[in-house]
Amino acid sequence: MDPLFITFLVIHIVSGGIALLIGSYIMIAAKGDRKHVLSGKIFAVSMYVCAVAGFVMSVLHDSVFLLCISVFTIFMLTTGLQGMALVKGRIRKSALILIISATMVLFSLGLIYFGVVNEFNVVILAFGAGSLVMCVQDFMMFFGRTKLANPYYLLHIQRMTGAYIAAFTAFLVVNNTFLPAVVAWLAPSVVGSILITVWSRKHAKLKHEN
């Protein structure tokens, strides 16, 4: 096997393992305290390293699925972290969210096209459609077309949870020995989406609310 690929594979596995463990802790631990902030930083760095390594591996071995996971993860992490920066007031408005979401639109449309021409590949179509929906949400939020008073806080919750789901999905797919492939790819997203919806409704505040 190519030594360069092996190097990035080791980096991908180690960083992904750290991210999965830390992310699992974050999912069940108290939110907002110093432990959460510190573990969140470790999770974000680990996921970035894992995603970048995965992106390189996808290019070296021409893996569309690894490319999907990697780009999707980078998108989720970046927008999620920008959301918290906006909540904390470290930035007033994030042009980065607009830029990365606009770029993601092109990637999403490419995935949808690729999924259609490849015998309607359900996994690729799901990634493309899901990413496209999130990009539309980002545009609406950026231009103030939202009824929520705390959209950036919800953005942070949704996207960081989504990044964890991506890590868990990758782990499940690689180690799956009994589930149908499509189930292993999509089940974490389905369950995660339900949890994200529950948490978002719990923390959502409308603009007319005090």
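See the structure shown above.
Basis of the calculations
- Residues numbered from 1 in each chain as written.
- Predicted model: local features only at pLDDT ≥ 70, side-chain atom pairs only at ≥ 80, totals over all residues.
- Heavy atoms only, no water.
- Phe/Tyr/Trp six-rings, centres within 6.5 Å; stacked < 30°, edge-to-face > 60°.
- Helix = DSSP H or I, 4+ residues; strand = E, 2+ residues; numbered from the N terminus.
- Buried < 20%, exposed > 50% of the residue type's maximum accessible area, 1.4 Å probe, protein only.
- Axes fitted to C-alpha atoms, helices over the stretch in contact; angles between N-to-C directions.
- Parallel < 35°, antiparallel > 145°, perpendicular 65-115°, else oblique.
- Left-handed = near helix turned anticlockwise from the far one by under 90°.
- Contact = heavy atoms within 4.5 Å.
- Patch = residues over 30% accessible without salt bridge, like charges linked within 9 Å, V, L, I, M, F, W, Y side chains within 5 Å.
- Areas by Shrake-Rupley, 256 points an atom, 1.4 Å probe, with all protein chains shown as cover.
- Salt bridge = Lys/Arg side-chain N within 4 Å of Asp/Glu carboxyl O.
- Core = buried A, V, L, I, M, F, W, Y, C linked by side-chain atoms within 4.5 Å.

Draft legend 1. View of the packing of aromatic side chains. Under the defined criterion, the tally for this structure stands at four aromatic pairs. Summarising the aromatic geometry, the rings of F127 and W185 are spaced 6.1 Å apart at their centres and angled 80 degrees between planes, so their arrangement reads as edge-to-face. Residue F127 is found in helix α5 (residues 122-142), and its partner W185 is found in helix α7 (residues 181-203); the two are separated by 58 residues along the sequence. Classification of W185 by relative accessible area gives buried; the value is 13%. Seen in terms of ring centroids, F142 and F143 are 5.1 Å apart; in terms of plane orientation they differ by 80 degrees. Their pairing is edge-to-face. Take F143: its relative accessible area is 54%, and that puts it in the exposed class. An aromatic cluster of three or more residues is present, and its members are F72, F127 and W185.

Draft legend 2. Structural detail: the packing of helix α3 (residues 64-88) against helix α4 (residues 95-117). One can describe the packing of α3 onto α4 by two numbers: an axis separation of 11 Å at closest approach and a directional angle of 155 degrees. When the interaxial angle is binned, α3 and α4 end up roughly antiparallel. Judged by the sense of rotation from one axis to the other, the crossing of α3 with α4 is left-handed. Of the residues in α4, those in contact with V64, L67, C68, V71, F72, I74, F75, T78, T79, Q82 and L86 of α3 are L96, I97, I100, S101, M104, F107, L111 and F114.

Draft legend 3. Examining a nonpolar patch on the surface more closely. Nonpolar side chains collect at one region of the surface, where I6, V10, V14, I18, L38 and I42 lie side by side and expose about 490 Å² of accessible area between them. For the nonpolar patch, the secondary-structure elements that each account for two or more residues are α1 (3-28) and α2 (34-60). Summarising the element assignment, L38 is placed in helix α2.

Draft legend 4. Inspection of the environment of L125 at higher detail. Considering the arrangement of structural elements, one finds L125 in helix α5. L125 sits 78 residues away from M47 along the chain, and the two C-alpha atoms are 23 Å apart.

Draft legend 5. Structural detail: the nonpolar core. Core analysis: the biggest nonpolar cluster contains 28 residues, and F43, F75, M104 and F127 have the highest contact counts within it. Of all the secondary structure elements, the ones that give two or more residues to this core are α1, α2, α3, α4, α5 and α6 (151-175). Ranked by residues supplied to this core, first place goes to α3 with seven residues.

Draft legend 6. Quick peek at unusual backbone geometry. Positive phi values are uncommon outside glycine, yet D62 reaches one of about 50 degrees. In this fold, D62 is placed in the loop between α2 and α3. Residue classification places D62 among the exposed positions, given a relative accessible area of 67%.

By themselves, these are just geometric observations and shouldn't be taken as functional.
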